[in-house]
Structures are given as structure tokens and as C-alpha cells.
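Each chain, written out:
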Amino acid sequence: MFINEIKIENFRNIGFMGLFPDKGINVIYGENGQGKTNILEGIWLFTGCKSFRTSKDTELVNFESENAKISIEFETELRNNTASVFIDKKRQASLNGVLLTSPRELIGKYYSVVFSPVHLSLIKDGPLNRRKFIDTAISQIDETYAKKLAYYNHLVNQKNALLKNAAVDSSLIDTFDVWDEKIAESGALVIKSRIDYLNMLENYASDIYSGISDKKEEMKISYAGSFRFENEDTACIKENFLKNLQKNRSNDLYLKSTTCGPHRDDIEIFVKDISARKFGSQGQQRSASLALKFGEAEIIKEIRGEDPVILLDDVMSELDLTRQNYILNKIKNKQVFITCCEKETVSRLCAGKVYRIENGNAVE
Ligand SMILES: Nc1ncnc2c1ncn2[C@@H]1O[C@H](COP(=O)(O)OP(=O)(O)OP(=O)(O)O)[C@@H](O)[C@H]1O
Ligand SMILES: [Mg+2]
């Protein structure tokens, strides 16, 4: 998949910008705070997901404007498309001239994978970022996943409110069986999707990892659930989830929150069978993060039959030459937008196009 044209209006510090990117590597360089990441953020929104930097859409609109608009023309195997994202108080999107009910309907039409300094610390960060990574990754290949997850989170929030109120109204406890049943059922679907995804991801990521590490080391991934289940089928996960909700009830009442379930789960990454999070060197952790992200791109290609547009935000200078070369090799034949500060990095990249960004403007 390739973007042939981008128009950005009143988005962050960009008043107006029009680009005709190359089908290969596009380098976006300039000093700090000029608007490089803003461009990637704008392109990312066509995935239908929220920004990778903020969950508040209103922050995306230029301080002095009422609304922002980004339009792209993109080409898939099958056809040429136009898409727009508008942001005022809420975010809306259109595809080929038709206003969509939700920007999420862009899922399955356009794909990107973003890799930024945040992702470089994916392995050693807390579980929240790893859950965010996997949830976003699954959303791009499964249109139903975001809804399943939102429903589950909604149920947990409702239950948590009841756990708080039960201290003053103990009759609420009688309703918990019904809530737990719903939570276990919807949570099991979320966990099942995540496990299926990780099984796919492990295949790709372990290959990529061994490529980066010169076949010296092996990487494995497992789902670190907040409760145990004997096998990976949905019924078994649900049954064990329910048992745990019941077992934890008095503790949850004391803590006024639901202490097990996919909202507390994690992903564990192993290098040479040892936890990379706890014991991995910085290099191993970085290689593993890279492997997860490039594995994500391979899965999109496998499931959707299209290469995603790759967005690399400020990561090259953070990586050593071996890893840089590995990335450059991996992104061949894909469209890439890559930001960096120094012009020297640009020359190494064999860019198709180079844009210098200054105060929200692009100079080719
Ligand atoms: N809603 C907004 N309206 C106007 N300007 C904004 C808005 N949001 C962010 N900015 C400005 O955008 C700039 C940051 O842009 P961006 O993050 O793209 O910089 P960058 O070029 O990637 O810098 P760095 O090299 O430090 O990563 C800042 O100057 C910030 O004040
Ligand atoms: Mg930046």
C-alpha cells in the first residue's frame, strides 16, 4: 500500500502542508519541535485508531483553529482511494467520498505500523504499554476486536463502580454473579484474540530477532495472564476467569476494583528462555522491541495481503549500525516515512524524497 498524496490542514503546528511522497523511503528531518512527528501522527490516523501520542482528539487541532483536516490518496493492490479525517470536537472520517459512521471503519482499508522511541522501551516498560501495543496491533487486523475490548472495559468499569458503592449498600453484592458472568464471557474473548495474535507474532518476531542477533539468540513470547487456564480455548479461559473473579471477590471488595482479567494481563518476552524484561540487556530489549514491531507489519501483510505504510519516528539515531541496517533491509519495497534530526542520517537512508520541516512547513 502506498500514499500518493497528503494534505494536512490546521493539524497541530501545521497550517497547511501538501506532500507527494515517494513510494519508497521518505525522510522528514529538521530541528526539534518543528512538526516532524506531527506529520507521522496525521498519517497514522488513517488506521482508524487513536493517535499514538494522545487519546484526546481535540489536542490535534491547531491552537488557533476550530478544526483540522487531513486527506490522503492511497493505492492498494485493488484500487486507488481517497480518505479524509476531520477533527473538531470529535473525529470523523470519509473514504472515497462517503462519510463513515466511525473512523474505525477505516480499519481494513488502510494500514500503518508506527515505531517510535516509546516502542524502543516496549520490553522494559510497564504492562500498560505492552497491552496497548497488542490491542492496537490486533485492531488493525480484526475489525471486531476494538468493540470486544471496549465492551469488556465498560463492564469492568461498571463492576468497579459497584465494588465502591457496595461499602455503603451491601445489597449490590447480590448483583455480582451476573456481572462476573458477563465479564468472564467478554474477557475470555479478548484473551483468546490476544493469545491467537501472540502465537502468530511469535513466529515472525522470533525469525526477525534471530536475524538481528545473527542467529545467536532465540526470542519467545507468551501471554502472562492474571489467572491460570489449562488450555487456550475460550470456554476454558472463561471458566477459569469466572472462578478467579469469585475467589477474589472479598479482596476486590476491599480494594474496590477488579484485580484479575485482561485489563491486568501482560505479555512476557523471553530471550534464550530468560525474561527479557527482568534480565535482558539494553541491546536485547531493543532488538526484541524491533522484532515485535516488524512482526506486526508482517502479520498485516499476511492477513490483509498489503504492506502497511511504515512510520519510523526518530529511532534510527537511537540504534546501532547493525540494527539500523536490519531496519533498512526490512523496509525495502515498503513505503516508509522516517523522521530524524540530523542531515547526516538522511544521506545513509537512500531516500526517495527528503523533506526538511521548519515551523510546520515542508521544504523539499
Ligand atoms: N494543537 C497544536 N497546535 C499548535 N501547535 C502544536 C499543537 N500541538 C503541538 N504543537 C506544536 O508542535 C510542535 C511539536 O511538533 P512535533 O512533535 O512534530 O516536533 P518534532 O519535529 O517531531 O520534534 P522532535 O525532534 O523534538 O521530536 C511543538 O512546537 C508544539 O508546540
Ligand atoms: Mg518528534
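Here the structure is shown first, and the text comes after it.
Predicted model only: the values in this text are computed from it and were never measured.

Our focus in this paragraph is the pairing of strand β5 (residues 80-87). In terms of strand pairing, strand β4 (residues 68-75) meets β5 through eight bridges, oriented antiparallel. From the neighbouring strand, A68 faces β5, where its bridge partner is I87. The loop that links β4 with its antiparallel partner β5 comprises four residues. Relative to strand β6 (residues 91-95), β5 is paired through five bridges, and the arrangement is antiparallel. Within the sheet, the bridge partner assigned to V85 lies in β6 and is A93. Hairpin remark: β5 followed by β6, antiparallel, with three residues in the connecting loop.

Turning our eyes to something else, we now look at the side chain of E5. Note that E5 resides in strand β1 (residues 2-11). In this view, E5 contacts L19, F20, P21, S71, I72 and E73; residues no more than four positions away in its chain are not counted.

Another aspect to go through is the pairing of strand β14 (residues 353-358). Where strand β3 (residues 25-29) meets β14, four bridges bridge the pair, whose relative direction is parallel. Within β14, the residue paired with N26 across the bridge is K353. Taken together, the three bridges between β14 and strand β15 (residues 361-363) define a ladder with antiparallel strand orientation. Its bridge partner being in β15, E358 is matched across the sheet by N361. Connecting the antiparallel pair β14 and β15 is a turn made up of two residues, with N359 showing a positive phi of about 50 degrees.

The next point concerns the sheet that holds strand β11 (residues 274-275). The antiparallel open sheet is built from three strands, whose spatial order is β9-β10-β11. The open sheet has two free edges, formed respectively by β9 (219-224) and β11, since each of these has just one partner strand. Bridge analysis of β9 against strand β10 (residues 266-271) gives six bridges, and the strand direction is antiparallel. Each residue of the ladder has a partner; that of I221, found in β10, is I269. Contacting β9 and β10, helix α5 (residues 176-212) runs over the sheet at an angle of about 165 degrees to β9.

What counts and what doesn't
Residues numbered from 1 in each chain as written. Chains lettered and ligands numbered in written order. Predicted model: local features only at pLDDT ≥ 70, side-chain atom pairs only at ≥ 80, totals over all residues. Heavy atoms only, no water. Pairing = 2+ DSSP bridges. Helix = DSSP H or I, 4+ residues; strand = E, 2+ residues; numbered from the N terminus. Contact = heavy atoms within 4.5 Å. Axes fitted to C-alpha atoms, helices over the stretch in contact; angles between N-to-C directions.

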